[in-house]
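# Structural overview for review
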There are 2 protein chains.
Amino acid sequence: MEQESKTMSEFNNFFKSAFSVDNVIFGFDEGDLKVLLIKRGADPFKGMWALPGDLVYPNEDLNTAAVRVLEELTGISDVYLEQVRAFGAVNRHPLGRVITIAYFSLININKYVVTAASFAQKAKWHSVSTVKDLAFDHNQILDACYNLLKQRVRTRPIGFELLPHKFTLTALQHLYEAILETELDKRNFRKKILSMNLLIDLNETQEGVAHRPAKLYKFDNDRYDKLVQDGFNFELKESRRKLMAE
Amino acid sequence: MEQESKTMSEFNNFFKSAFSVDNVIFGFDEGDLKVLLIKRGADPFKGMWALPGDLVYPNEDLNTAAVRVLEELTGISDVYLEQVRAFGAVNRHPLGRVITIAYFSLININKYVVTAASFAQKAKWHSVSTVKDLAFDHNQILDACYNLLKQRVRTRPIGFELLPHKFTLTALQHLYEAILETELDKRNFRKKILSMNLLIDLNETQEGVAHRPAKLYKFDNDRYDKLVQDGFNFELKESRRKLMAE
DNA sequence: TGGTTTTAGTGTATTCCTTACACCTTCTTT
DNA sequence: AAAGAAGGTGTAAGGAATACACTAAAACCA
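Not measured: the values here are computed from a predicted model.

### A closer look at the overall build of chain A
Per the secondary structure count, chain A includes 7 helices and 9 strands. A total of 246 residues make up chain A; the buried ones form 51% of that total. Considering only residue pairs separated by 6 or more positions, chain A has 69% of its internal contacts joining residues 24 or more positions apart.

Encoded structure:
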């Protein structure tokens, strides 16, 4: 939303009420969950970091707009993308009534290419854990998206979307640990993940590491599709806290 | 949304783009999950059943609008209400671009009073399982809300919102069975529910039933609030299907 | 009034999943 | 060839989910 390239009169065309999409684009790098933010070059909130977004064109579906925002900024399409919810507090936008539909998407950070749009908008990856003081209500939006991601990652095998095509089990575990902000037991994690039969052993190993190289796996899309049709429920439990006790 | 009492010129004020809320109001009666629908008295979709909704006023928060729709129609406020998501397909509204934010709410059907608004709009409870051919994209919205309800009811103790203040364990079980469209084992259900210590035994029994009267319980709000603060996770499992086998 | 009807209410054994936990293997580096 | 670093593996114990059947309490009726 709130794209700065629009003139004020174009902007006014969308009012009295306008709607936008904002996209929380997650990536994973250096053992850390990242989010792609852009630095605002114009008021309101000039100079502050914000979620990438845009007003929705009159003849454009919401999902299409979210995909467009992602594609223009990153050059990537065909990724995991899900609507979270609408944010519509009356005063969330200083220039008028704008509600925004929040999306989150998961991309393999290595596929990210700096596009003209992302260059112009000074896009940069930030660690989710340290983000603060975003423009508009974007902190609130980020929180909501991150919470949904935490839930999704437990109940659907979407973590893979954040990794390269080929990955090691340790990388996968680190990803889950970063997202869930918890430590997982190596043996139990592997047992659980492998028991789902959603990984294909590529019979390849890492190269160029200064230790025993790990086996590489890829995600089994075909098998996943079959399981989804059947009502499959991926579930990953956190270490159980004892809460029922009085 | 799409309230018929607006004149065409008032309606036009909201366009080019307008947004509305639609509210899926669930109730429980006669062992059956119900949804409150209104019969449209004007085009578009004149004569068809639709979800209650309205355009959002320029200075009104989305949640406020959803509460207002519920209150005007039913006379009830202060109930469980949650946003589901936005629906914004370009052609979802025949008169122009209108996106809608879907909410669902849970009410005790006995508290429902026929208001002037609900009378004028011919509001009526329908069994969720038999609803079809709603106006606009309202079937799709109902489906999404029902799916979220199924999920919520497993992970949060919100079922109580649909029952009278005092209820029996059998009534509670029937409610869960209706929502989840599955049968539950009586003993296991009671064990699970009671082990959460979220019910207060009122030391009262049913009256006027032609069989052994059941004990009455009420929901323990205070204890629930404490548990929520602590990150409590209510969980109700379905009978486990064997899905991992190849 | 006693028998019939109807729903309420209760316990246990089995199975399966979750958890906790430590050592050997394989590769690189020096 | 020894040290360093991460990879990879199995088992026992505890706890939750499941399956399952009879007795208890009230109203109704003959």
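So, next bit.
### Quick notes on helix 6 (residues 186–195) of chain B
Given 3.6 residues to a turn, an α-helix orients residues that are three or four positions apart in the same direction. Its side-chain oxygen 3.1 Å from the backbone nitrogen of Arg187 of chain B, Asp185 of chain B forms the N-cap of helix 6 of chain B. Following helix 6 of chain B by one or two positions, Asn197 of chain B has its phi on the positive side, about 55 degrees.

### Quick notes on the protein's contact with DNA strand C
Residues in close proximity to DNA strand C total 24 residues, the closest being Arg212 of chain A together with Thr170, Lys186, Lys191 and Lys215 of chain B. Taking the atoms of DNA strand C that fall within 4 Å of the protein, sugar and phosphate contribute 43% of them. Lys186 of chain B places a side-chain nitrogen or oxygen 2.7 Å from a base nitrogen of DNA strand C. In the environment of DNA strand C, a base nitrogen lies 3.2 Å from a nitrogen or oxygen atom belonging to the side chain of Arg212 of chain B. Mapped onto the surface near DNA strand C, the elements with two or more residues apiece are helix 6 (186–195) of chain A together with helix 6 of chain B.

### Some points on the pattern of salt bridges
All chains considered together, the criterion is met by 20 salt bridges over all chains. Across the salt bridge formed by Lys215 of chain A and Asp201 of chain A, the nearest N and O atoms sit 2.9 Å from each other. Here Asp201 of chain A lies in strand 8 (residues 199–205) and Lys215 of chain A lies in strand 9 (residues 215–219), a separation of 14 residues in the sequence. A salt bridge links Asp137 of chain B to Arg92 of chain B; its shortest N-O distance comes to 2.7 Å. With Asp137 of chain B in the loop between strand 7 (123–127) and helix 4 (138–155) and Arg92 of chain B in the loop between strand 5 (80–87) and strand 6 (97–106), this pair connects stretches of sequence that are 45 residues apart. Each member of the pair, Asp137 of chain B together with Arg92 of chain B, is buried. Overlapping salt bridges bring together Asp54, Glu60, Arg68 and Glu72 of chain A as one network.

### A word on the protein's contact with DNA strand D
Looking at DNA strand D, there are 24 residues lining it, with Thr170, Lys186, Lys191 and Lys215 of chain A together with Lys192 of chain B nearest. In the interface set of DNA strand D, defined as its atoms within 4 Å of the protein, sugar plus phosphate atoms amount to 43%. Contact between DNA strand D and Arg187 of chain B: a base nitrogen at 3.2 Å from a side-chain N or O atom of the residue. For the surface near DNA strand D, the secondary structure elements donating two or more residues are helix 6 of chain A together with helix 6 of chain B.

### Overview of the pairing of strand 6 of chain B
All names here are of chain B. Where burial is concerned, most of strand 6 is hidden: 10 out of the 10 residues are buried. Alternating positions in strand 6 separate into two faces, Arg97, Ile99, Ile101, Tyr103 and Ser105 on one and Val98, Thr100, Ala102, Phe104 and Leu106 on the other, with burial throughout. Across 10 bridges, strand 1 (residues 17–29) lies against strand 6 in parallel orientation. Within strand 6, the position partnered with Val24 by the bridge is Phe104. Sheet topology note: the strand 5/strand 6 ladder contains 7 bridges and is antiparallel. Bridging from a neighbouring strand, Gln83 pairs with Tyr103 of strand 6.

### So, the nonpolar core
Residues and elements named next belong to chain B. Residues Phe26, Phe104 and Leu172 are the most contacted members of the largest nonpolar core, which totals 49 residues. Among the elements that take part in this core, helix 4 stands out by supplying 8 residues, more than any other. For this core, the domains that each give at least three residues are domain 1 (18–154) and domain 2 (160–229).

### Digging into the packing of aromatic side chains
Counting across every chain of the model gives 18 aromatic pairs over all chains. Centre to centre, the rings of Phe219 of chain A and Tyr224 of chain A are 5.7 Å apart; their planes meet at 50 degrees, and the pair counts as tilted. Both residues of the pair, Phe219 of chain A and Tyr224 of chain A, count as buried. In textbook terms, an aromatic cluster arises when at least three aromatic residues are bridged by ring pairs, as seen for Phe26, Tyr80, Phe104 and Tyr146 of chain A. Positioned over the ring face of Tyr146 of chain B is Lys150 of chain B, at 4.6 Å from the centre of the ring.

### Some details on the packing of helix 4 (residues 138–155) of chain A against helix 5 (residues 169–180) of chain A
All names here are of chain A. One way to put it is that helix 4 packs onto helix 5 with a least axis distance of 9 Å and a crossing angle of 140 degrees. Considering their axes alone, helix 4 and helix 5 lie oblique with respect to each other. Helix-helix and strand crossings are classified by hand; for helix 4 and helix 5 the assignment is left-handed. Residues Tyr146, Leu149, Lys150, Val153 and Arg154 of helix 4 form the contact with helix 5, whose participating residues are Tyr176, Ala178, Ile179 and Leu180. The residue makeup of the contact of helix 4 with helix 5, split by class, is 7 nonpolar, no polar and 2 charged.

About the cut-offs
- Residues numbered from 1 in each chain as written.
- Chains lettered and ligands numbered in written order.
- Predicted model: local features only at pLDDT ≥ 70, side-chain atom pairs only at ≥ 80, totals over all residues.
- Heavy atoms only, no water.
- Helix = DSSP H or I, 4+ residues; strand = E, 2+ residues; numbered from the N terminus.
- Buried < 20%, exposed > 50% of the residue type's maximum accessible area, 1.4 Å probe, protein only.
- Contact = heavy atoms within 4.5 Å.
- Polar contact = N/O pair within 3.5 Å; in protein donor to acceptor, adjacent residues only side chain to side chain.
- Near = heavy atom within 4 Å.
- Salt bridge = Lys/Arg side-chain N within 4 Å of Asp/Glu carboxyl O.
- Pairing = 2+ DSSP bridges.
- Core = buried A, V, L, I, M, F, W, Y, C linked by side-chain atoms within 4.5 Å.
- Domains from an automatic or database assignment.
- Phe/Tyr/Trp six-rings, centres within 6.5 Å; stacked < 30°, edge-to-face > 60°.
- Lys NZ or Arg CZ within 6 Å of the ring centre and 35° of its normal.
- Axes fitted to C-alpha atoms, helices over the stretch in contact; angles between N-to-C directions.
- Parallel < 35°, antiparallel > 145°, perpendicular 65-115°, else oblique.
- Left-handed = near helix turned anticlockwise from the far one by under 90°.
- Nonpolar A, V, L, I, M, F, W, Y, C, P; charged D, E, K, R; others polar.

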